[in-house]
Each structure stands twice: as C-alpha cells, then as structure tokens.
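The lines below spell out each chain.
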Amino acid sequence: DQQVKQNSPSLSVQEGRISILNCDYTNSMFDYFLWYKKYPAEGPTFLISISSIKDKNEDGRFTVFLNKSAKHLSLHIVPSQPGDSAVYFCAASAAKRSGNTGKLIFGQGTTLQVKP
Amino acid sequence: DVKVTQSSRYLVKRTGEKVFLECVQDMDHENMFWYRQDPGLGLRLIYFSYDVKMKEKGDIPEGYSVSREKKERFSLILESASTNQTSMYLCASSSPGQRDLNYGYTFGSGTRLTVV
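Residues numbered from 1 in each chain as written. Chains lettered and ligands numbered in written order. Predicted model: local features only at pLDDT ≥ 70, side-chain atom pairs only at ≥ 80, totals over all residues. Heavy atoms only, no water.

Caption draft 1: Quick peek at the pattern of salt bridges. In the structure shown here, the tally under the stated rule is 8 salt bridges over all chains. The closest approach of N and O atoms between R61 of chain A and D84 of chain A, which form a salt bridge, is 2.8 Å. Of this pair, R61 of chain A sits in the loop between β6 (56-59) and β7 (62-67) while D84 of chain A sits in the loop between β8 (72-77) and β9 (86-93), placing them 23 residues apart in sequence. For the salt bridge of E69 of chain B with K53 of chain B, the shortest nitrogen-to-oxygen distance reads 2.4 Å. Taken together, the residues E69 of chain B in strand β7 (residues 64-70) and K53 of chain B in the loop between β5 (42-49) and β6 (56-57) connect sequence positions 16 residues apart. (Salt bridge = Lys/Arg side-chain N within 4 Å of Asp/Glu carboxyl O. Helix = DSSP H or I, 4+ residues; strand = E, 2+ residues; numbered from the N terminus.)

Caption draft 2: Summary view of the nonpolar core. Counting 25 residues, the largest nonpolar core has F30, F33, W35, L73, L75 and Y88 of chain A as its most contacted members. Secondary structure elements with two or more residues in this core: β3 (19-25), β4 (32-38), β5 (45-51), β7, β8, β9 and β11 (110-115) of chain A. For this core, the leading source of residues is β9 of chain A, giving 4 residues. V19, L21, Y47 and L113 of chain B belong to the second largest nonpolar core, which has 21 residues in total. (Core = buried A, V, L, I, M, F, W, Y, C linked by side-chain atoms within 4.5 Å. Buried < 20%, exposed > 50% of the residue type's maximum accessible area, 1.4 Å probe, protein only.)

Caption draft 3: Inspection of the sheet that holds β8 of chain A at higher detail. All names here are of chain A. The sheet built from 5 strands is open, its strands ordered β1-β3-β8-β7-β6 with antiparallel pairing. In the strand order of this sheet, the two ends are held by β1 (4-5) and β6, each with one partner. For β7 and β8, the ladder comprises 6 bridges, and the chain directions are antiparallel. Opposite T63, over in β8, you have H76 as the bridge partner. (Pairing = 2+ DSSP bridges.)

Caption draft 4: Expanded view of the layout of surface pockets. Here the largest pocket is characterised by a volume of approximately 350 Å³. Around the largest pocket, the lining is made up of 22 residues, and of these Q108 of chain A together with Q37, D38, P39 and G40 of chain B lie nearest the centre. Going through the elements one at a time, β9 and β11 of chain A together with β4 (31-38) and β9 (87-94) of chain B are the ones with two or more residues in the lining of the largest pocket. Partitioned by chemical class, the residues of the lining of the largest pocket number 8 nonpolar, 11 polar and 3 charged. Empty space within the second largest pocket amounts to approximately 270 Å³. No other element matches β5 of chain B, which puts 3 residues into the lining of the second largest pocket. Among the residues forming the lining of the second largest pocket, the class breakdown is 8 nonpolar, 2 polar and 3 charged. (1 Å grid on protein atoms, 1.4 Å probe; cavity = no way out; pocket = protein on both sides within 12 Å on 5 of 7 lines; lining within 4 Å. Points joined across faces, edges and corners; volume = space filled by probe spheres on them. Nonpolar A, V, L, I, M, F, W, Y, C, P; charged D, E, K, R; others polar.)

What follows is the structure in structure tokens.
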C-alpha cells in the first residue's frame, strides 16, 4: 500500500508560469513533510519542508501548502525556470512512530519539465 | 563539504552473483538508509540502520541484506542477484538531532545496477 502518492507522473509548464506539484498521503500519523528534487545521475536534494502544525511554508520561489483534513500537500514554484526541470519527490514521516530513525516514506515522484 | 559517497556509479553483474554496494558518510550521522528508485514506484526503503551493528527491514528487504560494522559505512548486499534487482540504488544518512530542520537526509549520487 502506497502511503504517499504522487498521482501525476509528469508535468510540463512554460518558463515564468506557476508549477504545482501535488501529493496525497493516507497515514494520519505523518507529522512532517518534505519535498526533494532529483536530477538525473544525482541523488535527491532537500528542497523544502513543513510541519503538521503549519499549513504553509515559503522559501523564495518555493511554497509548500498542507491541508491536513484532506491529507494533501502541494508544492508551488513561482516563477518556474528551466533549471527547475527535475523529478520531485514528496516524503513524509511520523516522528512518534519512527522515533530516532527519522525514516521517510517517499512518493512515486513527478517529472517536471519547464519549457523556455 | 559533507557528503555521502557510493563506491560505484554504474555496475553490471550477472544473475546469481553476490553483489556488494558500499556507502560511506563523513557527517558522523547515526542513521543510514538504502533505497531503490524505479520508474513509477519512487523511492522504496530496503533497509536502514540507526546505530552500528543495528539494522531494520524497510518495505522491500527480500533478496537483500546489510552490514554496518562502522558508523560511517553501510553496505547493501544482494545475496544472489536477479534481473528484477536492476535498479538505481540510493544511500542516505541522517542525524536524529536534525528533525526540526529537514531530517538531515543527505543522499549519495546513486549506483545504477544492471543485472544480466
């Protein structure tokens, strides 16, 4: 069973426009959510995170929104740039259950293509 | 610059071979993880370790084992490689104390393993 789901395998947007990547989760124990970005032949790198006590976190062009009642989060990139083209992974953790290990559960990933 | 180093970027092995994937981190992190990345399936946790000589099964441990004899090194072992283990393997490390930041997950660049 996939506890973290990214239902859109790919997304294509024009440079300068907004990119919205979505993520759904099923485990109500998750209390910390992260987005990672991955270029080909490289490991994923941390992008932005949000705690379940918040509904929004912003860092420059990147904003993550959390809707706990819907068990849904989204990543907004404004404005999108060609260098943002990559695979984006949503991840979640339940601190109380994972305790000291910080184990993350990842979604399937969404490939974003930003066209010049 | 802190890093997680995976010993090989590309590997080609024959069915039935015993395969060792090595991962070393220089951040003195307690936690280490092995994931595999497959199209449409995202990152799936194989095994993780939260201390030397400690290991826990992840979501897909079948066909794999791990070894952590030293804090900085976490090895993934394919006891008898099969074609369905062809994948991108990613090692990561983290420290429990970094939970309030981004879980401090640092990934290696990955090993692309092909089993023929």
